[in-house]
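Spelled out from the first residue to the last, the chains are:
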Amino acid sequence: MTQTVENTRSEAAIAVDEWLSAFQQALTARDVDAAAALFGTESYWRDLVSFTWNITTVEGPDGVADLLRATLDATDPTGFRITEEPTADGAWLEFETAVGRGSAHLRLGPDGKAFTFLTTLDELKGHEEPQSERRPMGAEHGANPERVTWLESREQEAAELGYTTQPDVVIIGGGQGGIALGARLRQLGVPTIIVERNEKPGDSWRKRYKSLALHDPVWYDHLPYIDFPKNWPVFSPKDKIGDWLEMYAKVMELNYWGSTTARSARRVGDAWEVVVDRAGEEVTLRPQHVVIALGVSGKPNVPEVPGQDVFAGDQHHSSAHPGPDAYRGRKAVVVGSNNSAHDICAALWEAGADVTMVQRSSTHIVRSDSLMDIGLGDLYSERAVAAGVTTHKADTIFASLPYRIMHQFQKPVYDAIREQDADYYAALEKAGFRLDFGDDDSGLFMKYLRRGSGYYIDVGASELVADGSIKLAHGQVTKLTESSVVLEDGTELEADLVVWATGYGSMNGLAADIIGQEMADRVGKVWGLGSGTTKDPGPWEGEQRNMWKPTQQENLWFHGGNLHQSRYYSLYLALQLKARVEGIPTPVYRLQESHHTS
């Protein structure tokens, strides 16, 4: 058996060596056709900034040829080499470009040609981050009557930036996305201000309903540079995450303007003019770049139905839900059936409320334990860590799967979950809950990428639905009366509380309030792949629309996503910003087109 494994690895290494040699030779000779011929008929090259100054995927030899014709001379890629022994699962590579250093991941097909190829820009030459052997001294040895301490220098910077000196970048939104990007830019020496309407980092988590916790595991959620400690809970409670973000912003020395609201941002010549209200003081910032970092979602969606003005009880969107304590013994109706709806229903039931969930459309449910084991365990778990799969390596493996075929890799995962948890799903359906696994049975993550909604990771609420503890109703709400919710089939639900767990609009809806509707429409819809599935209209884009890459508005960027995406893609956005600030040419290949303005 040992001999067979060694032979297989050797064959994989030989195949990769041969491919890589031919690929580098073709690139050096600027022989685009020869390079493209090394890719299979079905093949995918995903580039994160290194060749394209974009985040984009091309398909097949024709797509590869098009990318190389547009980028090869300026990129001047050299030195492709293997960094660890290839296996049948792929090869890890590194290379250099004219301006940077990068990494790559390659999967060969049975024909010896590339099936998937990921290239990423890791750092810019001459602008490497000050870490390891390049870390700052932190102290000045010797005698100096003009000595300025680290603290004094930091206080001077904080006092001057935004007033006597201007930032290169303003990040609007100080949640995990803005904080992660701010940390990256700090390490790259890009003067940046993060503006956040809440007082302190982490407040956006602290202010949510008290039972909220992350449904993603700790290994999936690390921030750049500082991992969570080894005793951190698997699923982080909201207040613990809030405290971590506050600590992180402080120790990473971010210029974080809390209690600050961005009123407007407009282009004036070659720069931005961003007007903010900083705790009652109007300040005008003039950065080169503006980053909208307001999460995946936009404004809360609250349906407008007759009777909302006469309803005598409490009603609010799930984002404003204070928690269950005031509703013990009261009748609560929660409209919606995704993550927030389930969490809120369960917390209300625990507090002694009479709870009804109104399911308007089918929902994908996956048990947390099953998702952690079958869905994420090989990449983000203690067993993955023990197998040498670092967080960055896991992120890169995930990134190496092009979105066009990702559902094919996801479907077997959810097929296995559905088989393992057959009795669990049968109990939910018996209770009347309407289940789905996505339009093509590819499960949670594809729903998240395509539409950012339509699912619940079950941490206990589904059992309450299945046994009837949380009552279930179906259909759209047609009106409210003084004391009830009326559904389209005439069902009337008594209510002292209505929670609209009805999701959010696109991020560019929030952006429009700051940058104006015309500019927001020019950029187009943010998020989604253009898959043509529910709530993700085409045309096919192949990447997350307008996220972490250039948009139709010069020097306007969007950043966000879950903690994993905020961590991983913040590097590539930061490198794009740093290159532009330093005047490095950044010719963009395949600039994102505008689709679906709202």
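Here the structure is a predicted model, which is why all the values come from computation and not from measurement. (Residues numbered from 1 in each chain as written. Predicted model: local features only at pLDDT ≥ 70, side-chain atom pairs only at ≥ 80, totals over all residues. Heavy atoms only, no water.)

1. Structural notes on the pairing of strand β8 (residues 192–195)
The following threshold applies: Per-residue accessibility, obtained with a 1.4 Å probe over protein chains only, is compared with the maximum for each type, and a residue is labelled buried under 20%, exposed over 50%, and partly exposed between these values. Here a helix means four or more residues in a row that DSSP labels H or I, a strand means two or more in a row labelled E, and each is numbered from the N terminus. When DSSP locates at least two bridges between a pair of strands, those strands are taken to pair. Crossovers are marked right-handed if the path from the first strand over the helix to the second runs clockwise, as seen with the strands pointing away from the viewer.
Burial along β8 is two-sided: T192 and I194 facing one way and I193 and V195 facing the other are all buried. Where strand β7 (residues 169–172) lies against β8, four bridges are found, and the strand directions are parallel. In the sheet register, I172 faces β8, and the bridge partner there is V195. What joins β7 to β8 is helix α5 (residues 176–187), and the crossover it makes is right-handed. One ladder, built from two bridges, connects β8 with strand β9 (residues 256–257); its direction is parallel. Pairing of V195 across the sheet is with W257, part of β9.

2. Points about the packing of aromatic side chains
Inclusion rule: For this analysis, a ring pair means two rings from Phe, Tyr or Trp (six-membered ring only for Trp) whose centres lie within 6.5 Å, classed as stacked if their planes differ by under 30 degrees, edge-to-face if by over 60, and tilted for the remaining angles. Think of it as a cone above the ring: NZ of Lys or CZ of Arg counts as a charge over the ring if it is within 6 Å of the ring centre and within 35 degrees of the ring normal.
Counting across every chain of the model gives 30 aromatic pairs. Judged by centre distance (6.0 Å) and plane angle (45°), the ring pair of F51 and F95 falls under tilted. With F51 in the loop between β1 (39–48) and β2 (55–59) and F95 in strand β4 (residues 91–96), the pair connects residues that are 44 residues apart, well separated along the chain. In this structure an aromatic cluster arises from ring pairing among W19, F23, F39, W45, F51, F80, F95 and F117. The ring of Y225 has R184 lying over it, and the distance from NZ or CZ to the ring centre is 5.5 Å. Here the basic side chain of R418 rests over the ring of F437, its NZ or CZ set 4.2 Å away from the ring centre.

3. Focus on the sheet that holds strand β6 (residues 114–124)
For clarity, the cut-off: Angles shown run from 0 to 180 degrees and are taken between the N-to-C directions of axes, each axis being a line fitted to C-alpha atoms and, for helices, limited to the stretch in contact. Whether two residues are in contact is decided by their heavy atoms, any of which lying within 4.5 Å being enough.
Ordered in space as β2-β1-β6-β5-β4-β3, the six strands form an open sheet in which the pairing is mixed. Both edges of this open sheet fall to β2 and β3 (78–82), since each of them pairs with a single strand only. Strand after strand, the sheet turns through a mean of 20° between neighbouring axes, direction not considered. Pairing analysis gives five bridges linking β1 to β2, with the strands arranged antiparallel. Paired with R46 across the bridge in β2 is T57. Along the sheet face, helix α11 (residues 391–399) touches β1, β4, β5 (100–108) and β6 and points at about 95° away from the line of β4. Contacts from helix α18 (residues 563–581) reach β1, β2 and β6 within the one sheet, and its direction differs from that of β6 by about 55°.

4. Section: the packing of α11 against α18
Convention followed: For this classification, under 35 degrees means roughly parallel, over 145 means roughly antiparallel, 65 to 115 means roughly perpendicular, and everything else is oblique. Each residue is assigned to one of three groups, with Ala, Val, Leu, Ile, Met, Phe, Trp, Tyr, Cys and Pro labelled nonpolar, Asp, Glu, Lys and Arg labelled charged, and all others, Gly among them, labelled polar.
Orientation of α11 relative to α18, taken along the N-to-C sense of each, is 85°, at an axis distance of 11 Å. By the angle between their directions, the pair α11 and α18 is classed as roughly perpendicular. Judged by residue contacts, T391, H392, D395, T396 and A399 of α11 engage H564, R567, Y568, Y569 and Y572 from α18. Taken together, the residues of the contact of α11 with α18 sort by class into four nonpolar, four polar and two charged.

5. A short note on unusual backbone geometry
Look at the link from G538 to P539: it is a cis peptide, with omega at 5°. Among the secondary structure elements, P539 is positioned in the loop between α17 (517–523) and β26 (556–558). Unusually for a residue other than glycine, N546 sits at a positive phi of about 65°. As for its placement among the helices and strands, N546 is situated in the loop between α17 and β26. Residue N546 is classed as buried on the basis of its relative accessible area, which comes to 1%. One non-glycine residue, N555, lies in positive phi territory at about 65°. The class of N555 is buried, set by a relative accessible area of 14%.

6. So, the nonpolar core
One recurring pattern in soluble globular proteins is that nonpolar side chains are buried together. In plain terms, the rule: Nine residue types can take part in a nonpolar core, namely buried Ala, Val, Leu, Ile, Met, Phe, Trp, Tyr and Cys, and a core is a set of them joined through side-chain atoms within 4.5 Å.
Counting 128 residues, the largest nonpolar core has V334, L348, L556, F558 and Y569 as its most contacted members. Counting residues per element, this core draws most heavily on α18, at ten residues. In contact with L556, not counting residues within four places along its chain, are W272, V290, I292, I515, M519, V523 and T551. The next biggest cluster of nonpolar side chains, apart from the first, holds 29 residues, and it includes F23, F80, L93 and A114.

7. Remarks on the sheet that holds strand β10 (residues 260–268)
The strand order β10-β11-β12 describes an open sheet built from three strands, whose pairing is antiparallel. Each edge of the open sheet carries a strand with a single partner, namely β10 and β12 (281–285). Averaged over neighbouring strand pairs, the angle between their axes works out to 15° when direction is ignored. Bridge count for strand β11 (residues 271–278) against β12 is five bridges, and the pairing is antiparallel. Bridged to V275 within β12 is T284.

8. Quick word on helix α13 (residues 422–430)
What counts, and what does not: What the arc covers is the set of directions going from the helix axis to the C-beta atoms.
All buried positions along α13 are accounted for by Y424, Y425 and L428. Buried residues along α13 cover an arc of 95° about the axis, so they all sit on one side. Those residues of α13 that are exposed and angled more than 90 degrees off the buried face are D423 and K430. Turning to α13, the residues buried within the fold contact β18 (364–367), α12 (403–420), β19 (455–458) and α15 (461–466). Two residues or fewer past α13, G432 is found with a positive phi of approximately 100°.

9. Here's the deal with the pattern of salt bridges
Formally: For this analysis, a salt bridge means a side-chain nitrogen from Lys or Arg found within 4 Å of a carboxyl oxygen belonging to Asp or Glu.
Per the stated rule, a full pass over the model turns up 40 salt bridges. Salt-bridge contacts for D33 lead to R69; the nearest nitrogen and oxygen are separated by 3.3 Å. Highlighted residues: D33 in helix α2 (residues 32–36) and R69 in helix α3 (residues 60–75), separated in sequence by 36 residues. For the salt bridge of D496 with R330, the shortest nitrogen-to-oxygen distance reads 3.8 Å. Here the residue D496 occupies a position in the loop between β23 (492–494) and β24 (497–500), and R330 occupies one in the loop between β15 (314–317) and β16 (331–335), the gap between them amounting to 166 residues. Judged by relative accessible area, which is 27%, D496 ranks as partly exposed. Linked through salt bridges whose partners overlap, the residues forming this network are R101, E123, E128, E133 and R134.

10. Points about the environment of D521
For D521, the position within the fold is in helix α17. In sequence terms D521 and A70 are 451 residues apart; their C-alpha atoms lie 28 Å from each other. Excluding its chain neighbours within four sequence positions, the residues that come into contact with D521 are S594 and T597.

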